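# Summary of the model geometry
For reference, the chains in residue letters:
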Amino acid sequence: SALDKDPTVPDYHNNLGLALMNQGRYVEAMVYFDETIGLNPDLPQPYLCMGRSYSALGKTIEAQHWFKLAIEKDKEGNFWHAIWMLGKEYMKHADWNMAYEYLDQARVKAEKKNVHDPHLYIDLALTHYGMDQYHSAWKEICNVHTLGYDADPGFVAKVRKALKDQGIDPDAEDAEARKAQRGSEEEQSKPD
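Residues numbered from 1 in each chain as written. Predicted model: local features only at pLDDT ≥ 70, side-chain atom pairs only at ≥ 80, totals over all residues. Heavy atoms only, no water.

The number of helices and strands found in the protein is 11 helices and zero strands. Order of helices (α) and strands (β) in the protein, N terminus to C terminus: α-α-α-α-α-α-α-α-α-α-α. In the protein, which comprises 192 residues, the proportion classed as buried is 38%. Across the protein, every contact between residues at least 6 apart in sequence was considered, and the portion connecting residues at least 24 apart equals 48%. (Helix = DSSP H or I, 4+ residues; strand = E, 2+ residues; numbered from the N terminus. Buried < 20%, exposed > 50% of the residue type's maximum accessible area, 1.4 Å probe, protein only. Contact = heavy atoms within 4.5 Å.)

This is the structure:
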């Protein structure tokens, strides 16, 4: 293996850990992530992988710790998904305010990199729903649809019902917004 040829290359250790993690062998994988950190403690990847392993094992506190370390080590700010994963750990325990704080940071960083992941918007919708912010949840569902994906129909129905219970028809509002959008586009295209 590459590791046998040169055991001093951190990526070889990390990649072997990733292969084990992808097989569901999390505890074994963590040994290689730990070795990677020993070879180069400044790389954010092995910290992220440790967090993912602990998360898969259902160990939220440990997962949060490792995700925070990955974010700290990420000097270039490329690891928006570490922030997302940290938010997901808070979602697991219905800590919606903390979940939103991290998910929103992840969204901002991802969008700066021109990344629009529908799964992130779905998590934001779920978090808004958890905070009883049904309008915001609906907006995130619309973002998912705009990207060409579908949110879980059962969840969409729950958000629609919550809004209708408040006297708001989200489908009518969407139709009005589209009509207003078309009107402003037509207005802009008229010659002076």
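Resuming the write-up.
Attention now moves to the environment of Ala 29. Within the element layout of this structure, Ala 29 appears in helix 3 (residues 26-39). Looking at Ala 29, the relative accessible area reads 0%, which means it is buried. It is 4.1 Å that separates the C-alpha atoms of Ala 29 and Gly 17, two residues lying 12 residues apart in sequence. Once you skip the residues sitting within four places of it in the chain, Ala 29 turns out to touch Gly 17, Leu 20 and Met 21.

Attention shifts here to helix 5 (residues 60-73). With 14 residues, helix 5 extends 20 Å between its outermost C-alpha atoms, agreeing within 8% with the 20 Å of an ideal straight helix rising 1.5 Å per residue. When we look at burial in helix 5, the residues that qualify are Thr 60, Ala 63, Gln 64, Trp 66, Phe 67, Leu 69 and Ala 70. Taken together, the buried residues of helix 5 touch helix 3, helix 4 (45-56) and helix 6 (80-92). (Expected span 1.5 Å × (residues − 1).)

Now for the pattern of salt bridges. All chains considered together, the criterion is met by seven salt bridges. In this structure, the salt-bridge partner of Asp 104 is Arg 107, at a minimum N-O distance of 3.3 Å. Here the residue Asp 104 and the residue Arg 107 both occupy positions in helix 7 (residues 96-112), the gap between them amounting to three residues, near one helical turn. Residue Asp 104 is classed as partly exposed on the basis of its relative accessible area, which comes to 24%. (Salt bridge = Lys/Arg side-chain N within 4 Å of Asp/Glu carboxyl O.)

Here we take up the confidence of the model for the protein. Looking at the protein as a whole, its pLDDT mean stands at 90, while 88% of the residues score no less than 70. The weakest mean pLDDT in the protein belongs to helix 1 (residues 2-5) at 52; the strongest belongs to helix 8 (residues 118-130) at 97. (pLDDT = per-residue confidence, 0-100.)

This part covers the packing of aromatic side chains. By the definition in use, this model includes five aromatic pairs. A ring pair is formed by Tyr 129 and Tyr 134, whose centres lie 5.3 Å apart and whose planes are at 55 degrees; its orientation type is tilted. Look at Tyr 129 and you get partly exposed, because its relative accessible area is 22%. When the ring of Tyr 129 is compared with that of Phe 155, the centres are 5.6 Å apart and the planes differ by 75 degrees; the resulting orientation is edge-to-face. With Tyr 129 in helix 8 and Phe 155 in helix 10 (residues 153-165), this residue pair connects regions lying 26 residues apart in the sequence. (Phe/Tyr/Trp six-rings, centres within 6.5 Å; stacked < 30°, edge-to-face > 60°.)

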